[in-house]
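Working through the structure, step by step
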Amino acid sequence: MASKLKNFNSHGIREPLTNRIAGILDEYPDGTQIARELLQNSDDARSKVQWYLLDHHDRRDRSSGEAIGLRLFHEDLAEYMGPALLAGSDSIFEEKDFLSMKNLAASEKKNDETKIGQMGIGFNSIYHMTDCPSFISGDQFMVIEPHERIFNGKRSVFSEGAVRGTFVDDCEGLEEFPDQLESFAVLEDIDFSVSYPGTIFRFPLRTKDQAKTSKLSKNVYPAEQVLKMLLKLKDEALKGILFLKHIERIVIYERMEHEEVPTKLFEIEVINAKEVSQERQHLLANLKAHVYPEPTASKDAILEYSVRPIFRLTQGDGSVTEERWHITTMVGNVLTAHAHMEEMTNGEAHPLGWDRSPNGSRSQDR
C-alpha cells in the first residue's frame with residue numbers, strides 16, 4: 001500500500017562519485033601503476049595485444065580553450081579534447097565488464113581465480129591523470145564524468161555520471177558526433193559505421209584549469225609526466241610480460257603536435273607465442289584443482305610448469321634484440337602447506353577464508 005503521508009519526502013543517501021574515487025586514489029599509487037593496471041585488465045580480458053599512445057594533439061582553440069567547430073557528443077566535452085593518453089587492446093568488453101565499471105569498490109572478477117586485475121577498483125587509478133575518461137569497445141561508446149556536471153542536470157537527459165550506447169545503429173555516431181569518435185582514430189583509420197574489433201580508452205590529461213575545480217585530484221598531469229611513465233613501463237615490460245597469461249605484444253607510441261602519424265617508441269613481442277600459449281593453458285587447466293585439492297589428494301603432488309619464451313625487443317631507433325628465457329614454476333601441494341602451518345602453530349593458525357569442519361573436510365567461508 002502506497003504511503004499517504006504528506007509531510008515526508010524522499011531523502012536518498014548517496015555518496016558523490018568524486019568522494020568514492022578520491023578515496024580509492026589514496027590506495028592506488030600514481031605513475032607506472034596506471035599503465036600496469038590497464039595491462040592487467042587487458043590480460044584478464046584475454047587480449048593478445050596491448051598498446052599505449054601519448055597524443056599531444058590539441059583540438060581546442062588555443063585562445064579560448066574551446067573545441068570550436070567540432071561535433072561532439074556533448075558540447076561541454078570540448079574541454080577534454082586536448083592532449084591525451086590512449087590505451088588499446090584487441091579484446092571487446094562483455095556486459096560483466098560494464099557492470100564492473102559501475103561498481104567502484106567491487107568487481108565482476110572477484111569470483112574468478114584466473115583473473116588478477118579488477119576493472120572496478122584498479123581501473124580507477126587512471127583518475128590520477130584525468131577527470132573524464134571515455135572509450136569505444138565493439139559497437140559501444142562510453143563517457144564517464146564523475147563530477148556529474150555534464151551528464152546530470154538541466155542541460156542533459158542523462159545522469160549518474162556516465163553515458164553508454166551504440167555508435168553504429170543508423171550510423172548515429174558518424175552523423176551526430178563524428179569528431180568525438182575520430183579522437184580514437186589516432187593509431188589507425190577506423191570505420192565507425194561498423195563495430196570496432198577491440199577496445200580503445202582515451203584519457204584526457206588534467207589541465208591547470210581542471211585541477212583547480214577537480215574533486216578527484218588537484219594534480220596537473222602534463223604530457224611529459226605521461227611520457228616518463230611510459231618510458232619506465234618500457235624498462236619494466238620484459239619482467240611484466242613474463243607473468244601475464246595472454247598478452248603477447250606490448251607497443252608504446254607517441255604522436256607530437258605537428259605529426260599526423262604516431263612514432264613507435266618501443267615494442268616487445270613473444271615470437272613463439274603459440275607454443276607459450278599452449279603451455280600457459282596447460283598450467284591454468286590444472287592450477288585450480290591443485291590449489292584447491294580434494295582431501296584424498298596426494299600430499300606429495302607437485303605441479304610443474306615450464307616454458308621457453310623468446311622475446312623480440314624493438315627500440316625507437318629501430319634496433320632489435322632477442323632474449324630467450326627458460327622459466328620453470330613449481331607449485332607445492334597446498335594440503336602439505338596447511339598441515340605444516342597448523343603444526344608450527346599448535347593448530348592456532350588456519351588459511352584465511354577456510355574453515356575445517358569436524359569430519360575433516362574443508363569448506364570455503366563465504
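Note that this is a predicted model, so its numbers are computed, not measured.

Reading guide: rules and limits
- Residues numbered from 1 in each chain as written.
- Predicted model: local features only at pLDDT ≥ 70, side-chain atom pairs only at ≥ 80, totals over all residues.
- Heavy atoms only, no water.
- Patch = residues over 30% accessible without salt bridge, like charges linked within 9 Å, V, L, I, M, F, W, Y side chains within 5 Å.
- Areas by Shrake-Rupley, 256 points an atom, 1.4 Å probe, with all protein chains shown as cover.
- Salt bridge = Lys/Arg side-chain N within 4 Å of Asp/Glu carboxyl O.
- Lys, Arg positive; Asp, Glu negative; His and termini not counted.
- Charge placed at Lys NZ, Arg CZ, Asp CG, Glu CD.
- Helix = DSSP H or I, 4+ residues; strand = E, 2+ residues; numbered from the N terminus.
- Buried < 20%, exposed > 50% of the residue type's maximum accessible area, 1.4 Å probe, protein only.
- Phe/Tyr/Trp six-rings, centres within 6.5 Å; stacked < 30°, edge-to-face > 60°.
- Polar contact = N/O pair within 3.5 Å; in protein donor to acceptor, adjacent residues only side chain to side chain.
- Contact = heavy atoms within 4.5 Å.
- Core = buried A, V, L, I, M, F, W, Y, C linked by side-chain atoms within 4.5 Å.
- Pairing = 2+ DSSP bridges.
- Axes fitted to C-alpha atoms, helices over the stretch in contact; angles between N-to-C directions.
- Parallel < 35°, antiparallel > 145°, perpendicular 65-115°, else oblique.
- Left-handed = near helix turned anticlockwise from the far one by under 90°.
- Expected span 1.5 Å × (residues − 1).
- Bend = angle between axes of the 7 residues up to and from the residue.
- pLDDT = per-residue confidence, 0-100.

There is a patch of like negative charges on the surface, built from Asp169, Asp170, Glu172, Glu175 and Glu176. Within the fold, Asp169 resides in the loop between strand 5 (162–166) and helix 4 (172–176).

Another point: the pattern of salt bridges. Applying the stated rule across the entire model yields 13 salt bridges. Asp44 is the salt-bridge partner of Lys245, the closest N and O atoms lying 3.6 Å from each other. Here Asp44 lies in helix 2 (residues 32–44) and Lys245 lies in the loop between helix 7 (223–242) and strand 7 (249–255), a separation of 201 residues in the sequence. Given the relative accessible area of 4%, Asp44 is considered buried. With a closest N to O distance of 2.9 Å, Asp58 and Arg60 form a salt bridge. Arg60 gets classed as buried once you look at its relative accessible area, which sits at 18%.

The next point concerns the packing of aromatic side chains. Scanning the model with the defined rule gives 13 aromatic pairs in all. A centroid spacing of 4.9 Å and a plane angle of 45° characterise the contact between Phe135 and Phe201, whose relative ring orientation is tilted. Taken together, the residues span a long stretch of sequence, with Phe135 in strand 3 (residues 134–138) and Phe201 in strand 6 (residues 196–204) at a distance of 66 residues. Where Phe201 meets Phe203, the ring centres are 5.7 Å apart and the plane angle is 15°; that geometry is what we call stacked. Here the two residues Phe201 and Phe203 agree in accessibility, since each one is buried.

Let's shift gears to the side chain of His128. Here His128 lies in the loop between helix 3 (95–102) and strand 3. Only 2.6 Å separates the side chain of His128 from the backbone oxygen of Tyr28, close enough to count as a polar contact. Beyond its immediate chain neighbours, meaning those up to four positions away, His128 contacts Leu25, Tyr28, Pro29, Asp30, Ile34, Arg206, Ser217 and Tyr221.

This paragraph deals with the nonpolar core. By size, the foremost hydrophobic cluster in this structure holds 50 residues, and its most contacted members are Tyr52, Leu85, Phe203 and Ile268. Among the elements that make up this core, the one with the highest residue count is helix 7 (nine residues). Setting aside residues no more than four positions away along its own chain, Ile268 makes contact with Ala237, Leu238, Ile241, Glu248, Arg249, Ile250, Phe311, Arg312 and Leu313. Counting 26 residues, the second largest nonpolar core, distinct from the first, contains Leu53, Leu86, Val143 and Tyr196.

Turning next to the sheet that holds strand 10 (residues 310–315). In space, the ten strands of this open sheet follow the order 5-4-3-6-2-1-7-8-10-11, with mixed pairing throughout. Both edges of this open sheet fall to strand 5 and strand 11 (320–324), since each of them pairs with a single strand only. With direction set aside, neighbouring strand axes in the sheet form an average angle of 10°. Bridging between strand 3 and strand 4 (residues 140–144) involves four bridges; their strand directions are antiparallel. The residue bridging Phe135 from the neighbouring strand is Met142, located in strand 4. Packed onto the sheet, helix 3 meets strand 3, strand 4 and strand 5 and runs at close to 5° relative to strand 4.

Contact pair helix 2 / helix 7: the axes reach a minimum separation of 8 Å and the direction vectors enclose 60°. Judged on the interaxial angle alone, helix 7 and helix 2 are oblique. Considering how the two elements wind past one another, helix 2 and helix 7 form a crossing that is right-handed. Of helix 7, the residues touching helix 2 (which contributes Thr32, Ile34, Ala35 and Arg36) are Met229, Lys232, Leu233 and Glu236.

A word on helix 7. The first and last C-alpha atoms of helix 7 sit 29 Å apart over 20 residues, in line with the 28 Å expected at 1.5 Å per residue. Largest kink in helix 7: about 55°, centred on Glu236. Along helix 7, the positions that sit buried rather than exposed are Ala223, Val226, Met229, Leu230, Leu233, Ala237, Leu238, Ile241 and Leu242.

Taking 1.5 Å per residue as the helical rise, helix 8 (residues 273–291) with its 19 residues ought to reach 27 Å, and the 26 Å between its terminal C-alpha atoms agrees with that figure. Within helix 8, the axis deviates most sharply at Ala285, by approximately 25°. What helix 8 keeps buried is the set Ala273, Val276, Arg280, Leu283 and His290.

Mapped onto the fold, Ala301 is located in the loop between helix 8 and strand 9 (303–307). By relative accessible area, which is 31% here, Ala301 ends up partly exposed. Taking the C-alpha atoms as reference points, Ala301 and Val331, separated by 30 residues in sequence, lie 8.9 Å from one another.

Here the protein averages 82 in pLDDT, while 79% of its residues score no lower than 70. Contacts from residues 105–119, a stretch scored under 50 in pLDDT, to residues over four places away or in other chains number 39 contacts.

Turning our eyes to something else, we now look at unusual backbone geometry. Phi at Arg46 takes a positive value of approximately 65°, unusual for a residue other than glycine. Within the fold, Arg46 resides in the loop between helix 2 and strand 1 (49–55). For Arg46, a relative accessible area of 52% gives the class exposed. One non-glycine residue, Glu148, lies in positive phi territory at about 55°. Locating Glu148 in the fold gives a position in the loop between strand 4 and strand 5. A residue is classified by how much of its surface remains accessible, and Glu148, at 13% relative accessible area, is buried.

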